[in-house]
Structures are given as C-alpha cells and as structure tokens.
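Inside the fold
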Amino acid sequence: MQQTLANKRILLAVSGGIAAYKSADLTRRLAERGAEVRVILTDSAQQFITPLTMQAVSGNPVSTSLLDPSAEAAMGHIELAKWADIFIIAPATANVIAKLAQGMADDLLTTCVLATTANVFVAPAMNQQMYKNIATRKNIATLKEHNFHIIGPASGEQACGDVGLGRMEEPLNIVAAIEQFMAAKPAYQQHWQGISLTITAGPTREAIDPVRYISNHSSGKMGFALAAIAAQQGATVTLIAGPVSLATPAGVKRIDVISAEQMHQAAIAAAQNSQVFIGCAAVADYRMAKVAEQKLKKTGNDDLNLQLVKNPDIIASVASLSQQRPFTVGFAAETHNLLDYARGKLASKKLDMICANDVSDPEQGFNSDQNAVTLIWPQGEQALPAQSKTALAQQILHHVLQQFTLQTKA
Ligand code: PMT
C-alpha cells in the first residue's frame, strides 16, 4: 500500500449515526496509508460502535469525554486539538453540523474543533429530508464559509428506507478526498519557487579538551522544520547544521559543522549565494581561548577556571555583508524581557526581522516539538501562538516571504 499519508496525524471524530460503523473501516484505511489515527467518540456514537473496536483498529486509546480526568491526564482536549494535522468528522450528524456552525463547545468533539488549527473535513450523514432542510443547508454553507471541507454526502438507499442524498461518503472516497487535498499545493505554497535560502540550525559544540565540550539543548528541530517547509514550497535550501541527530529534509542541501567558527565560515560562504538567511542555530557565544590538547586532569583545587573568548557573531556578520547581503532573519532565545531584548538584537545585529522566542517554558523552544514566537521587523510585530514546529515554520516563512518581497520591490 502506498504510504500517501505517511506521518500524518489524523484525529477522527465519530458522531452518533448509523454510518458510525463505517468509521472503523475508515480508520483502518487511513492507518494502512501510514497515518497515525486517534479517535473521538461522542456519547451517541458509542450507541453504534464501541471504544474497544476503535482502539483495536487505530492502535491508540479512544477519547470519549471532555471532563474525564484520567483521559485528560493522558491527552487533554487542547493537546488532541494541537496534535492533529488533519481533523475528520465522519459521520457528522445534522446536530453536530449545527453546533459547529454556531461555534459551540459543549463536548469533546466540538471543543477540539474550536481549539484546532488543523484542516477540518466534515462527512455529513443523515436522513435525506434532514439534509434537504433549510436549516441544515444554511449550517453547511456556514461551515464552508468558515473553511471547513465538506465531503459528500452520497446518494442512495438509507437505513430508514428513504432514498436520496444523505448517506455518509464511503471510507475510500473520504480517504481519496484527503489524499487529493494533501497532494494539491495551494498557490501560496509555490511562492518560494526560485528563491535561495540558507538556514542555520542546532547547537554548536566548543571543545574544552579532546573529550569535553560546551554546548546547549538545541535539537535542531525548529531549523530543520523551516528547511523542510521552505524546500516543499519551492525554495533552494542550504541547511547548515550543528551536531544533531535529525534526518535531512527532502530536497535540502545540508552542510554539517561542529563549532561556531566552522558554522561562521560555512554561513558566510552560503549567505553570499542566498537571497534570504535565517539564523535559527543556538550558537555558543564563547569558546575556549585554547583547547587543551590532552584530557584535563582533576586538580586538588575545588574550582576550575576556563578562559573563554568570544565567538564571531554569525548573523551579525551576514547582515553586515557589503555585497550580496541576503534578507536576514534572526532568532532571539530569551528567558525574560523577551520583546525588549529581541528588539535590541534586531537593531544591534542590523537584522531585517527577528523571531522572539520565549525559552523559559520547557514545553516549547529548546528540544521540544512545540514552539511559539513573536515576529518583529522594523514596521511591525506578529505573535504566532504555540503550535508544532512544522506549523510554526509555515507561518514564519509566510511572514518572512511577505517582508522579503516588500523589501525587494521597494
Ligand atoms: O533547535 P530546537 O531544539 O528546535 O530549538 C529551537 C531554538 C530555541 C534553538 C530556536 O528557536 C532559537 O531560538 N534559536 C536561537 C538561539 C540563540 O542562540 O539565540 P540568541 O538570542 O543567543 O542569538 C540571537 C541570534 O544570533 C540567533 O539568530 C543566533 O543564531 C545568532 N547568533 C548568536 C551568537 C553567535 N555567536 N552567532 C549568531 O549568529
């Protein structure tokens, strides 16, 4: 089976209609294409299909209640909503559709819909007369206006004996609609086409002696996410990576370095052939004045003084290039006075934009899968809330491209 949905995180919410039995098949079809599927069952869905069945086909615990403390402890409603890349509601009853159109949040399903930034697909399933009802028609029109994707319904004989539009679309057709959506690249995704971009990522490592070094907790995930998305959107990407254990994103040229001085050298060379430069690496500000040739031995003293010297400021050097200077974007990792310090670095390093990154919260920033930043540029600011590093990379790149384009046109 082709892995068309490999690594996609799909949240499938099942509401209470006779078509709920098909959601087990839908789960299986999604999983066999490589997706990780988590399931929400509403109270009425559980009258048609059990959590045990859905747990068996998805391979994950099933969420059934908004106010169940043990379920919330495992993966709370906000975490579930954030976890999802794609959110499918199948079957979606007339009642659920009405609640979504109103923006209600009175159970786990509706709360997660309000809390997610994922694309939401809705597969209506109801009696044909209920589907024809003007109230339902208006509610579906509202969902479309709110950028929900409606799949179906199909026409045919219904469980109640009526014939007409209202049957839930077949699982394979729902899967095909999701695959088609994933494969299609909206126009904005092509906008990096033809633009060259250099990104630094990960930590640097400054040797103390042959076996010890100074470094930090950067995993490289944020910089690698930026590189992956930019390449997907058509950019020619050079990724200068410190010592990290991450796979090279598709279509990206990777240069591995260890120390700040090596990163500096690679960055200056690459920056001169790039239109945009993003410094996401956590570069060590200092290195040893002299690296010990042999392993340092423990002495009789209780303290040990290491003499350090300043490393070159890579991003400031890039931003000061007198020729072929790229549009230069930095990050500011701060534990306090976030915006003030970030504005200071924007000015002192002569950057075009900076991503102010609060790293005091262990849930985001260094070595986590989530992050949040405030983008600052001379004419504006934009807060981008906590989300997966992949989703955040898309938003950062969107704003970088906007400002880069404005500067190029000016
Ligand atoms: O790698 P992850 O685990 O995914 O974590 C991501 C991150 C938290 C490392 C990333 O989002 C981030 O904030 N990167 C910047 C980290 C940092 O070193 O910030 P800073 O405020 O110390 O540096 C400011 C800017 O100057 C940064 O763009 C940095 O790359 C650059 N710099 C710093 C020192 C130096 N000698 N040369 C530089 O170019």
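Residues numbered from 1 in each chain as written. Predicted model: local features only at pLDDT ≥ 70, side-chain atom pairs only at ≥ 80, totals over all residues. Heavy atoms only, no water.

**A few points about the pairing of strand β9 (residues 206-209)**
Taken together, the 3 bridges between β9 and strand β10 (residues 212-214) define a ladder with antiparallel strand orientation. Looking across to β10, one finds that D209 is bridged to R212. Taking the residues between adjacent antiparallel strands as the criterion, β9 and β10 are bridged by 2 residues. (Pairing = 2+ DSSP bridges. Helix = DSSP H or I, 4+ residues; strand = E, 2+ residues; numbered from the N terminus.)

**Quick notes on the sheet that holds strand β3 (residues 86-92)**
The strand order across the open sheet built from 5 strands is β2-β1-β3-β4-β5, with neighbouring strands paired in parallel fashion. Since the sheet does not close on itself, it has two edges, and those belong to β2 (36-41) and β5 (149-150), each with one partner. Bridge analysis of strand β1 (residues 9-14) against β2 gives 6 bridges, and the strand direction is parallel. Note on β2: the bridge partner recorded for A13 is I40. Packed on one face of the sheet, helix α1 (residues 22-32) meets β1, β2 and β3 and runs near 175 degrees to β1. (Contact = heavy atoms within 4.5 Å. Axes fitted to C-alpha atoms, helices over the stretch in contact; angles between N-to-C directions.)

**With respect to the site of the ligand**
Every one of the 27 residues lining the ligand counts as a neighbour, but S218, S219, K345, N357 and N367 are closest to it. In this structure, an oxygen atom belonging to the ligand sits 2.6 Å away from a side-chain N or O atom of S218. One nitrogen or oxygen atom from the main chain of I315 is found 2.8 Å from an oxygen atom belonging to the ligand. Notes on the ligand: free accessible area 780 Å², of which the protein chains cover 95%. In this structure the site holding the ligand corresponds to the second largest pocket. (Near = heavy atom within 4 Å. Polar contact = N/O pair within 3.5 Å; in protein donor to acceptor, adjacent residues only side chain to side chain. Areas by Shrake-Rupley, 256 points an atom, 1.4 Å probe, with all protein chains shown as cover. 1 Å grid on protein atoms, 1.4 Å probe; cavity = no way out; pocket = protein on both sides within 12 Å on 5 of 7 lines; lining within 4 Å. Sits in = over half its atoms within 2 Å of the grid points.)

**Notes on the packing of helix α5 (residues 94-102) against helix α8 (residues 134-145)**
Between two packed helices, the angle of one axis relative to the other and the distance separating the axes together describe the packing. The N-to-C vectors of α5 and α8 enclose an angle of 50 degrees; their axes lie 9 Å apart at closest approach. Regarding the angle of α5 to α8, the classification is oblique. For the pair α5 and α8, the sense of crossing is left-handed. On the side of α5, the interface is formed by A94, I97, A98, L100 and A101, while α8 contributes T136, N139, I140, T142 and L143. Tallied by class, the residues present in the contact of α5 with α8 amount to 7 nonpolar, 3 polar and no charged. (Parallel < 35°, antiparallel > 145°, perpendicular 65-115°, else oblique. Left-handed = near helix turned anticlockwise from the far one by under 90°. Nonpolar A, V, L, I, M, F, W, Y, C, P; charged D, E, K, R; others polar.)

**Description of the domain arrangement of the protein**
Domain assignment breaks the protein into domain 1 (9-181) and domain 2 (187-295 + 302-409). Each of domain 1 and domain 2 has a C-alpha centre, and these two points are 39 Å apart. (Domains from an automatic or database assignment.)

**Quick look at helix α10 (residues 221-232)**
Compared with the 16 Å implied by 1.5 Å per residue over 12 residues, the 16 Å span of α10 between its first and last C-alpha is a close match. Most of α10 sits inside the fold, with 10 of its 12 residues counted as buried. When α10 is considered as a whole, its buried residues turn out to be M222, G223, F224, A225, L226, A227, A228, I229, A230 and A231. Backbone geometry just downstream of α10 places G234 in the positive-phi region, at approximately 105 degrees. (Expected span 1.5 Å × (residues − 1). Buried < 20%, exposed > 50% of the residue type's maximum accessible area, 1.4 Å probe, protein only.)

**What about the packing of α10 against helix α14 (residues 389-409)?**
Where α10 meets α14, the closest approach of the two axes is 8 Å, and the angle between their N-to-C directions is 60 degrees. Between α10 and α14, the angle falls in the class oblique. For the crossing formed where α10 meets α14, the hand is right-handed. Across from K221, M222, A225, L226, I229 and A230 in α10, the residues of α14 making contact are K389, T390, L392, A393, Q394, I396 and L397. Class assignment of the residues belonging to the contact of α10 with α14 gives a composition of 9 nonpolar, 2 polar and 2 charged.

**Thoughts on the layout of surface pockets**
In this structure, the second largest pocket spans a volume of roughly 890 Å³. Taken together, 42 residues form the lining of the second largest pocket, with A281, A282, V283, F331 and A333 sitting closest to its centre. Mapped by element, the contributors of at least two residues to the lining of the second largest pocket are α10, β13 (276-279), β15 (308-310), α12 (314-319) and β16 (327-334). (Points joined across faces, edges and corners; volume = space filled by probe spheres on them.)

**A closer look at the sheet that holds β13**
Across the sheet, 8 strands lie side by side as β12-β11-β8-β13-β16-β17-β18-β19; this open sheet has mixed pairing. The two strands at the open ends of the sheet, each matched to only one other strand, are β12 (252-256) and β19 (380-388). Strand after strand, the sheet turns through a mean of 15 degrees between neighbouring axes, direction not considered. Of the strand pairs in this sheet, β16 and strand β17 (residues 353-358) are connected by 6 bridges, and their pairing is parallel. Bridge pairing links F331 to C355 in β17.

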